[in-house]
Each structure stands twice: as structure tokens, then as C-alpha cells.
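Structure assessment
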Amino acid sequence: MTALPDFTPCGYQVTEQLNRNLQAGRNTYKALEITTQNPVVIKQFRFATTGDWASYKEIEREIEVLKGLNHPGIPQYLEKFDPGDGLCLVQEYKAAQPLSQPRSFSPDDIKNIAIQLLEILVYLQARIPPVFHRDIKPENVLVDQSLQVYLIDFGLARIGNSTMAVSSIMGGTLGFMPPEQVHNQKLTEASDLYGLGATLICLITQTKSSDLGSLVNFATNKIVFKDKVAKFSFKFIEWLEKMVEPDPANRYKNANLALEALKPLYLNRIPEVKLDLDKLELDFVANSLGEKLSKTIRVSNPIPDTILEGKWSVSPHPSDPPHTPHRHSWISFFPREFKGNGVDCVVKVDTSKLRANKHYERTIVLTSNGKQENYELKIKVKTAPIQLDILFPPYRLIILSSLLVAIISGKLLQYLTLYSVIFTWLVTLMFWYTLLSNVWHFFITKQFKGISGQLGCLLILIKGLLILIEGLFVIVILISFGLLGMLGWTPLGIEGLFIFVISGGFVGILRKLYNRGFNYMTVGLYNLLSVSTGIFLGVFLKIVSIGIGFDPYLFTALTASTLFLTVMLIYPSWKRQRLKAQYRRQESQNLIEP
């Protein structure tokens, strides 16, 4: 064990030896300043052991330069002293470990380290004249627990870009020295970039400094490392290859350019999952029993030079039947597995397997090759309640109206032809329907604004013209029945009056049904089928009663209209019974609990 030197006469107590370089005649110690007990680093240059006394003045000159350096990434120069056996340089101590000691750094950590080293070089190169470190390697880069980076050991640093004696050239470290330094050529601001790049290559490939030569292709004199850094991005690898180009003209011109080129780069070649969701939750609400619901999630990957791969699964739940990763009883995905950087994934929920009017919550998982391996999303499902509220038509009113139409149509057949009877009912119904529609539209549309208001007014004008035209037809019909001009209350006139009153009341009642919940098409079908059934029934019975004979066409029309009207009348009751049966069946089935 080497005995520690005694620097107490100079005000320092050596506590341990940090480094020893016999070839260069340098020893590095950790010591305490006796008066303050602050830790310091002492570098002793023992020129007597190397016989290179000419370097003494040169190092003294460089110590004077170090006095002017003031950067948080460079340990502060404190003082120098000579105990009699070698010049000593004192700097502040940093509780950090060199990069040569094996440690695990993430790609983001490595980028942070590279940026801090480049910022130190930018500072050094901005000096007048610039300062060249000449010995950047993992052993001379310290990183503490908070990832603060320090560049140490300026013992080989040079001021300016003059050439050097061969004896001092070899003070650098082979593999980390740029070719121009090895061949005693003029240094440039690109020279230290080579050592920094080689240091980063050792870091990302987990290569020891002494083994860096194993990565060199001697045919090209280039460091080959691409096959050892699969997780790093192509852009970063290209940047690093440029840092260690043998020809300084092919490197970045200076540290500032290298720094600006590095900042926007992604080091990580691992994909990253991005979901177009405000929160990791999907809400499904069913409006009807057994409804199948779906929602789409956009899964993207913003990291260039990578391909995202993933697959969906449902986490086990105690209420769910046993399931495999490929199949779940009521939750499914399309596609379940995917490969791409922008994929629309559909999550489907089948509520027919669930109980009505219940709340369900499950967890789905996206497993990927991304930086974060698993993403968990909550699925919340609200199933529909049992809906037994069915709109029933006014059975008595429809049947009574159809019978009245049948009676009047049979009577009218004594005076008019079949087509005249149908035409009379249609024109009168259209008159009332158009009139009521305009009145309803007028009271609903209280004011007209902009283009839509103008269109609304135009619509009312068109309907008004229709009322006028249809009104003329009604007047002609009523005159022919003898109801105007007091031409006499003949049976034909009385029946015509009935047509006018019944059709108006019929259309008004159906209009009220529309406002109470029946849709527009249903109201129209009830109107058409009720009147047509009444007309065909009245005419058919009249023809049979007067002995004209059986008319198959009329019977077919009567059968068709009656059948359709009957279906529409019994459908609500059938639907109610079906829902009741579905409810009972649902309760009896082994449905999944929340």
C-alpha cells in the first residue's frame, strides 16, 4: 500500500489516493483543508520521476489559465503549492463517480450528460484563446446522483491550437485522442468533440475505455458501434458517428453546432404510446336492452424510426366468466392486436350479456413494445332500463272513424262513382291537413331571422297556395253536393257536410297524437289506412248489398288496407308483451352481475 503524502505543512490533510499515473508522473489525492475541513482534490505533478523538467513551466502557465475558469461543470481552482517533491494543484472536490464505473443510465440521462459536456466545451471554446482539454474520456467525466456532470483533469489541457512535442502528445489516451492530435497536427474546435463522442460510445455500448480499440475498423479508422445500440434512434447514431469522424472536416465544426444538432433529437428508439383520450376512461351508456355499443381509440406513436406494436386484453373480474386473453364474454376489440404508428382501435361492449339498469366497471389493458409497457383504461357501462312505456293508438276513435267513413262512402256511392268518392275524401283530408299544418307552423315559428326565417316564410306561402287550391276543390265538391247557396239539404249535401266535418276532426285528432309522441310517419299511416279501409269497406258492402256482385279488385284493396291497419293496431300490444317476456327471460338467464 502506497503511503499517503504529508501536506499538513501546506494546510491540507490527505485522506485517500484517487488516482496514480506513473507514466505522466501524476498522483491525485482527496484531502481536507485543515482550517475549514472542506474536502478538496490535490493533483501532484512529480517531474523528478519523469525527468521532464521542461514541462514544469508549461504546466504553471496552464494553472494560470485554470484560475480564470468559472463554470459549474468544472471543479473550481483553489490554489497551488509545492511541498518540495512536485507541484500540487488544488481544486474543489465533487462527490461524483466517473463514467468509467459501471452504472445504468436511461437514454434521456445519456442525452442530458452529453448536453452538459457540450455546454462545458462551448464555454472552453469561447475563451480567448480557446482551451482544449485533450483528454476527454470516461475516467475524466464525473456524474453525481442528481446527474450533474463535471469535466476534470485539465492536466493535459492546452491553450490555443499550436502543435506540441511528441512526448506530450502521448499524454492523451489512445482511442479517445482524435487523429490530428495523434499525428501532432493543428488542433481545432472539433478536436475535443472526438473524445466526447468516444466517451458516449463507451457509455451506450457498455465498453471499457481499454477495450474501445475493439470497436475500431482499422481499414477506415472509424469506430463502429451501430450494431450494439439497437434501442437508440437512427438520428442520434448518425449524430454520434459524425462526432467521431477521423477527418476533423467531417465532424461538427465546434461544440455549439454539435449541441444545437443534439437538442432536438430523440435518443430513445423505443416507441411511445399516445392515446387520444382526455382521461384513461371510456363511458358507455345503453339506450335500449341488448344494445351493442362501441367507441374508437386512436393509438399513435410520435417517436420516429420506430414501429409501435400492441394488443388489447381485459383484466380478470370476479363477476365475469373465465376468459382467455383472446376472447371475453362481453368486451371485444378490433383489431385486438396491431402494428403501426397510427391505429384506430374499436372497443365493443355487448350489453345483451348484462343485467338491465345496472352500472358496470372493468379494466382493459393495452400491452405494447413502448416505453411504458402497459396502459390501463377504465370501462364504465350503464345498461338500459326495462322500457315498458308503449304508445297506444286511440283504438275506439280509429275504429269509429273508419266505420263513419264506410257508412258515408256507401251512401255516396248512390250518387257518385267509386273514384269520385275516393277523390272527395282525399281532397277534403288534404285541405284540413294542410290548414292545420300551417296553423301549427305559424304558432311554433314566432319570429323569422336570417336565411332560415326567409325560408320559413316561403314555406308558409307555398302551403297557403296549397290551401287556396285545395279549398277551391272543396268548394266545387260542396257546391256539387248542394251545400252552398242554400240549394237544399239533400241527402247528398248532408253526407258531403259529414265528409267535411269528419275529415277535419279526424286530421285534427291525429295531429294531436303526433304532438303527444307518435312520429310523423305513423300518424300519416294511421290517417291513410283508416280512411282507405273505411272507403273500401263502405263501397264493398254497398256493392254486395245492391246485388252488383263480388269485385275481386275491391276485395283485395279492402283486405290489404284492413290487414295493414290491423297490424298497426295490434303491434303496440305485441311489443309490450315481447318486452315483458324479454324482461322475464333476462331475469331467468345467467346474466353477468356488475
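A brief structural summary. (Residues numbered from 1 in each chain as written. Predicted model: local features only at pLDDT ≥ 70, side-chain atom pairs only at ≥ 80, totals over all residues. Heavy atoms only, no water.)

Structural notes on the overall build of the chain
- Helix and strand counts for the chain come out as 13 helices and 21 strands.
- Within the chain, contacts between residues at least 6 apart in sequence are counted, and of these 66% link residues at least 24 apart.
- Summing over all exposed atoms, the chain offers an accessible surface of approximately 31600 Å²; the carbon and sulfur share of this is 59%. (Helix = DSSP H or I, 4+ residues; strand = E, 2+ residues; numbered from the N terminus. Contact = heavy atoms within 4.5 Å. Areas by Shrake-Rupley, 256 points an atom, 1.4 Å probe, with all protein chains shown as cover.)

So, a positive patch on the surface
- Judged by side-chain charge, Lys292, Arg327, Lys348 and Lys353 come together as a positively charged surface patch.
- As for its position among the elements, Lys348 is in strand E19 (residues 342–350).
- The class for Lys348 is partly exposed, based on a relative accessible area of 38%. (Patch = residues over 30% accessible without salt bridge, like charges linked within 9 Å, V, L, I, M, F, W, Y side chains within 5 Å. Salt bridge = Lys/Arg side-chain N within 4 Å of Asp/Glu carboxyl O. Lys, Arg positive; Asp, Glu negative; His and termini not counted. Charge placed at Lys NZ, Arg CZ, Asp CG, Glu CD. Buried < 20%, exposed > 50% of the residue type's maximum accessible area, 1.4 Å probe, protein only.)

Quick notes on the packing of aromatic side chains
- In the structure shown here, the tally under the stated rule is nine aromatic pairs.
- Each ring, one from Phe7 and one from Tyr29, has its centre 6.2 Å from the other, and the planes form 80 degrees; the classification is edge-to-face. Here the residue Phe7 occupies a position in the segment before strand E1 (12–21), and Tyr29 occupies one in strand E2 (residues 26–33), the gap between them amounting to 22 residues.
- For Tyr29, a relative accessible area of 4% corresponds to the buried category.
- The ring of Tyr252 has Lys242 lying over it, and the distance from NZ or CZ to the ring centre is 4.4 Å.
- Lying over the aromatic face of Phe284, Lys295 brings its terminal NZ or CZ to 5.5 Å of the ring centre. (Phe/Tyr/Trp six-rings, centres within 6.5 Å; stacked < 30°, edge-to-face > 60°. Lys NZ or Arg CZ within 6 Å of the ring centre and 35° of its normal.)

Comments concerning the environment of Leu391
- By the element assignment, Leu391 lies in the loop between strand E21 (374–382) and helix H8 (395–412).
- Remark: the alpha-carbon pair of Leu391 and Arg576, spanning 185 residues in sequence, is separated by 9.7 Å.

Topic: the pattern of salt bridges
- With the rule as written, the count across this model stands at 15 salt bridges.
- A salt bridge links Glu272 to Lys274, with the shortest nitrogen-to-oxygen separation between them at 3.3 Å.
- When its relative accessible area of 40% is taken as the criterion, Lys274 is described as partly exposed.

Looking at the sheet that holds strand E3 (residues 39–45)
- Across the sheet, five strands lie side by side as E1-E2-E3-E5-E4; this open sheet has antiparallel pairing. With partners counted over all chains shown, the strands left at the sheet margins are E1 and strand E4 (77–81), one partner each. For this sheet, the mean inter-axis angle between neighbouring strands, taken without regard to orientation, is 25 degrees.
- Pairing between E4 and strand E5 (residues 87–92): four bridges, direction antiparallel. For Glu79, the partnering residue across the bridge sits in E5 and is Val90. (Pairing = 2+ DSSP bridges. Axes fitted to C-alpha atoms, helices over the stretch in contact; angles between N-to-C directions.)

Some details on the nonpolar core
- Residues Leu118, Leu124, Leu193, Ile223, Trp239 and Leu262 are the most contacted members of the largest nonpolar core, which totals 59 residues.
- Of all the secondary-structure elements, those providing two or more residues to this core are helix H1 (54–67), E5, helix H2 (107–125), strand E8 (141–143), strand E9 (149–151), helix H5 (191–205), helix H6 (234–243) and helix H7 (255–262).
- Looking at which element gives the most residues to this core, the answer is H2, with ten residues.
- The next biggest cluster of nonpolar side chains, apart from the first, holds 29 residues, and it includes Leu275, Ile297, Val314 and Val347. (Core = buried A, V, L, I, M, F, W, Y, C linked by side-chain atoms within 4.5 Å.)

What to know about the side chain of Ser209
- On the secondary structure map, Ser209 appears in the loop between H5 and strand E11 (216–217).
- Reaching out from Ser209, the side chain makes a polar contact with the side chain of Glu139 at a distance of 3.0 Å. (Polar contact = N/O pair within 3.5 Å; in protein donor to acceptor, adjacent residues only side chain to side chain.)

Concerning the packing of H5 against H6
- Relative to each other, H5 and H6 sit at 135 degrees, their axes nearing to 8 Å. In terms of orientation, H5 lies oblique with respect to H6. Along its contact with H5, which presents Leu193, Tyr194, Leu196, Gly197, Leu200, Ile201 and Ile204, the element H6 presents Phe236, Trp239, Leu240 and Met243.
- When the residues that make up the contact of H5 with H6 are grouped by side-chain class, the tally is ten nonpolar, one polar and no charged. (Parallel < 35°, antiparallel > 145°, perpendicular 65-115°, else oblique. Nonpolar A, V, L, I, M, F, W, Y, C, P; charged D, E, K, R; others polar.)

Structural notes on the pairing of E3
- Most of E3 is tucked away: six of the seven residues are buried.
- Direction of pairing for E2 relative to E3: antiparallel, over a ladder of seven bridges. Bridge pairing in E3 links Arg26 to Phe45.
- The antiparallel pairing of E2 with E3 creates a hairpin that spans five residues between the two strands, and Gln37 there sits at a positive phi of about 60 degrees.
- In terms of strand pairing, E3 meets E5 through six bridges, oriented antiparallel. Bridge pairing in E5 places Val40 opposite Glu92.

A word on H7
- Regarding H7, the residues found buried are Ala255, Ala258, Leu259 and Leu262. Axial view of H7: buried residues confined to an arc of 100 degrees, hence all on one face.
- Looking at the buried positions of H7, the neighbouring elements they touch are H2, H5 and H6.
- Capping of H7 at its N-terminal end is provided by Asn254; its side-chain oxygen lies 3.1 Å from the backbone amide nitrogen of Asn256. (Arc of directions from axis to C-beta.)

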